[in-house]
Amino acid sequence: MSDTGRDIPRGAVSRTARLAALPLGAAGRATLGIGKKLSGRPAEEVDAELQQRTAEQLFAVLGQLKGGAMKLGQQLSIFEAAVPEEVAGPYREALVKLQEAAPPMPVRTVHAVLAQQLGGRWRERFRDFDDTPAAAASIGQVHRATWRDGRDVAVKIQYPGAGTALMADLNQLARFARLFATLFPGMEVKPLIAELKARAEEELDYGLEADAQRGFAAAYADDEQIVVPRVVASAPKVIVSEWLEGTPLSRIIADGTKAQRDRAGFLMAELHFSGPQRAGLLHADPHPGNFRLLPDGRLGVIDFGATARLPDGHPEPIGRLVRWALEGRAEDVLADLRVEGFVRPSVEVDAQGVLDFLLPFLAPVAAPSFQFTRAWMQEQAGRIGDPRSDASRLGRQLNLPPAYLLIHRVTIGSIGVLCQLDAEAPYRGVCEEWLPGFAG
C-alpha cells in the first residue's frame, strides 16, 4: 500500500463541514425533485431517485470519515432488514459496503503506531508484516502478519485521533438524527447515538478488548461450534491475535447457500445465549463484519470491542417472562414486568393487551424451528412504528430499565442480522439450553 491512504480526518472544521453537508444535500435534492415532478415525471420514480442519491451521499460520508460516523453507519446497516423493500433497495449495497470496508490509513502512520505501542524494535517481533490492511473499520484496521514463532496473526491497530473523531462525530450526528428518519422510518436514531457515546471510551481501550477476547477464548477453547482466536500480544492501541480464516458473514448474507445461512444464524444465537453462561460476557456488537464462517462449519468471532459483563449470566427474569408469555399467563407476565421495572407503578395497562403486544416478538421461540426473514422484521417494525396502531400506543407506555438496555439492543441487532441471513434454525432449543428461566 502506498502512502496515499488517509489518516482519520481529524480537523473539527473539516469533519463538521462534511457532516453538515448531509442535510443541505438532502434539502437541495428535495427542491430538485419538486421541479422534476412539476415537469411531469412520475412521483414514485423521482422519490426513488432522490432516496438513492441521499443514501449514496450519506453512506459515502459516513464511510470516508471513519470514527463515529462510520460506527453509526455500521450500526444502522444491522437494521436494514427492518426497512420496507421499496425503501431499502436503493441503498442496501451502500450499507453492506460499510460492513466490511473503510479507507485505509497510510503505511507511515501504521508503522508509527506500532513503534509507539510495541517499541522501536517492533519488527523483530514479527517474521513478516503485510503493510496492506486486510480489513478496515470504524476506529481501527487489521493487518496480516507472521509472529516470531511462525503463527499467522491479525494485528489490529487503532487510528490516531480515533477517540476525538469518534466523540465529535457522534455529537454532530445527534443533531442530524432527523435525516436518518427519512431512510429508516420508525427508527429512534438518537438513543442509538447516545448509547454509542456511552460505550465509546470502552471501545477505544484495546486493553479491555484484549481481556474480553481472552475471556471468550478460554471459555470456547476447543469448542466444536464457536472459535475465538487467542490473543498473542496487546497494548492500549494494538491487539495481536491468531489469524482466523473464513468467509465473512456479509458474503454469506449476499450469496451464501441456505445451509451456510442457516448454520451462521444458529451459531450467532448460540454465541448470544451461551456467552453469558460460559464466559460471563455478552458479545455486544452483532455486526456481520465481526464474524466468519469457517470451512469446518464453526463460527469465528474476531472483534470484542463491545462486550457486556454478565458474571451471573443472562438475567433469569427474561427467560421466565418469555416462558410465561408463551404459556398465556397474562396476569403473571404483567406482574413480573412491574417488578422488573418494564411497567412503571403509575401506568395502567391491560394484561391481555400486553401479552398480545409481546407474543408476535416471541414467534422465533414459540415453535421448535423458525425462519427469520426481512418480511417478518418489517412486519414487527411496522406494527410498533405506526403511531396510530394499538401496539405503538402500548409500546410507548412500557419502560426499558437501564439494566436491560444493552441486552435489548444486542438482541434486536442480532435479530436484524438473522433476518438478513434468512436463517432457519431451532432457536427454541438454544434458549432451552442456555437462557435461565426459559425451560422452567
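Before any of the text, the structure's been laid out above.
Note that the structure is a prediction, hence the values are computed from the model and not measured.

### Focus: the packing of aromatic side chains
Inference 1: Within this structure, the stated rule accounts for twelve aromatic pairs.
Inference 2: A ring pair is formed by Phe372 and Trp376, whose centres lie 5.6 Å apart and whose planes are at 80 degrees; its orientation type is edge-to-face. Taken as a pair, Phe372 and Trp376 share a single burial class, namely buried.
Inference 3: Judged by centre distance (5.0 Å) and plane angle (75 degrees), the ring pair of Phe372 and Tyr427 falls under edge-to-face. Note that Phe372 is positioned in the loop between β12 (370–371) and α17 (374–385) and Tyr427 in helix α20 (residues 427–434), a separation of 55 residues in sequence.
Inference 4: Residue Phe372 is classed as buried on the basis of its relative accessible area, which comes to 3%.
Inference 5: A relative accessible area of 4% means that Tyr427 is categorised as buried.
Inference 6: By way of ring pairs, the aromatic residues Trp122, Phe126, Phe129 and Trp147 are connected into one cluster.
Inference 7: Taking the ring centre of Trp324 as reference, the NZ or CZ of Arg320 above it sits at 5.4 Å.

### Description of the sheet that holds strand β9 (residues 291–293)
Inference 1: With respect to topology, four strands assemble into an open sheet ordered β4-β10-β9-β7, the strand pairing being mixed. Each of the sheet's edge strands pairs with one partner strand only, and the pair in question is β4 (226–227) and β7 (247–248).
Inference 2: Note: β9 against strand β10 (residues 299–301), three bridges, orientation antiparallel. Looking at the pairing, Phe291 lines up with Val301 of β10.
Inference 3: Sheet strands touched by helix α12 (residues 258–278): β4, β9 and β10. Its angle to β9, the strand with the most contacts, is close to 135 degrees.

### Quick look at the nonpolar core
Inference 1: Counting residues in hydrophobic clusters, the biggest one holds 60 residues, and the most contacted among them are Val228, Phe372, Leu421 and Tyr427.
Inference 2: No other element matches α12, which puts seven residues into this core.
Inference 3: Inspection of this core shows a minimum of three residues originating in each of domain 2 (107–160 + 205–227) and domain 3 (246–439).
Inference 4: In terms of nonpolar packing, the next biggest core, distinct from the first, is built from 29 residues, Val110, Phe126, Ile139 and Leu204 among them.

### A look at the side chain of Gln158
Inference 1: Inspection of the secondary structure assignment puts Gln158 in strand β3 (residues 152–158).
Inference 2: Looking at Gln158, the relative accessible area reads 4%, which means it is buried.
Inference 3: Looking at Gln158, its side chain comes within polar contact range of the main-chain oxygen of Leu204, at 2.9 Å.
Inference 4: With sequence-adjacent residues up to four places away left out, Gln158 is seen in contact with Met105, Val113, Ile139, Gly140, Leu204, Tyr206, Pro236 and Lys237.

About the thresholds
Numbering of residues starts from 1 in each chain and follows the order in which that chain's sequence is written. At least 70 in pLDDT is required for a residue's local features to be given in this predicted model, at least 80 for side-chain atom pairs to be given and counted, and no such filter applies to totals for whole chains, interfaces and linings, which use all residues. Just so you know, side-chain values use all the structure's heavy atoms and leave hydrogens and water out. Geometry of aromatic contacts follows a simple scheme: Phe, Tyr and Trp rings, the Trp one being its six-membered ring, pair when their centres are within 6.5 Å, and the pair is stacked under 30 degrees between planes, edge-to-face over 60, tilted otherwise. Accessibility here uses a 1.4 Å probe with only protein chains present; expressed as a share of the type maximum, an area under 20% marks a residue as buried, one over 50% as exposed, and anything in between as partly exposed. Comment: elements are numbered from the N terminus, with helices defined as DSSP H or I runs of at least four residues and strands as E runs of at least two. Placement of a positive charge over a ring is assigned whenever Lys NZ or Arg CZ falls within 6 Å of the ring centre and within 35 degrees of the normal to the ring plane. For two strands to be treated as a pair, DSSP must find no fewer than two bridges joining them. The criterion used for residue contact is that any of the two residues' heavy atoms lie within 4.5 Å. Each axis is a line fitted through C-alpha atoms, and for a helix only the stretch in contact is used; angles between axes span 0 to 180 degrees, taken between their N-to-C directions. In this description, a nonpolar core means a group of buried Ala, Val, Leu, Ile, Met, Phe, Trp, Tyr and Cys residues linked to one another through side-chain atoms lying within 4.5 Å. Domain borders in the structure are assigned automatically or taken from a domain database. Polar contacts, as counted here, are pairs of nitrogen or oxygen atoms within 3.5 Å of one another; within protein the pair requires one atom able to donate a hydrogen and one able to accept it, and residues that are adjacent in sequence qualify only if both atoms are side-chain atoms.

On their own, these measurements won't tell you what the molecule is for.
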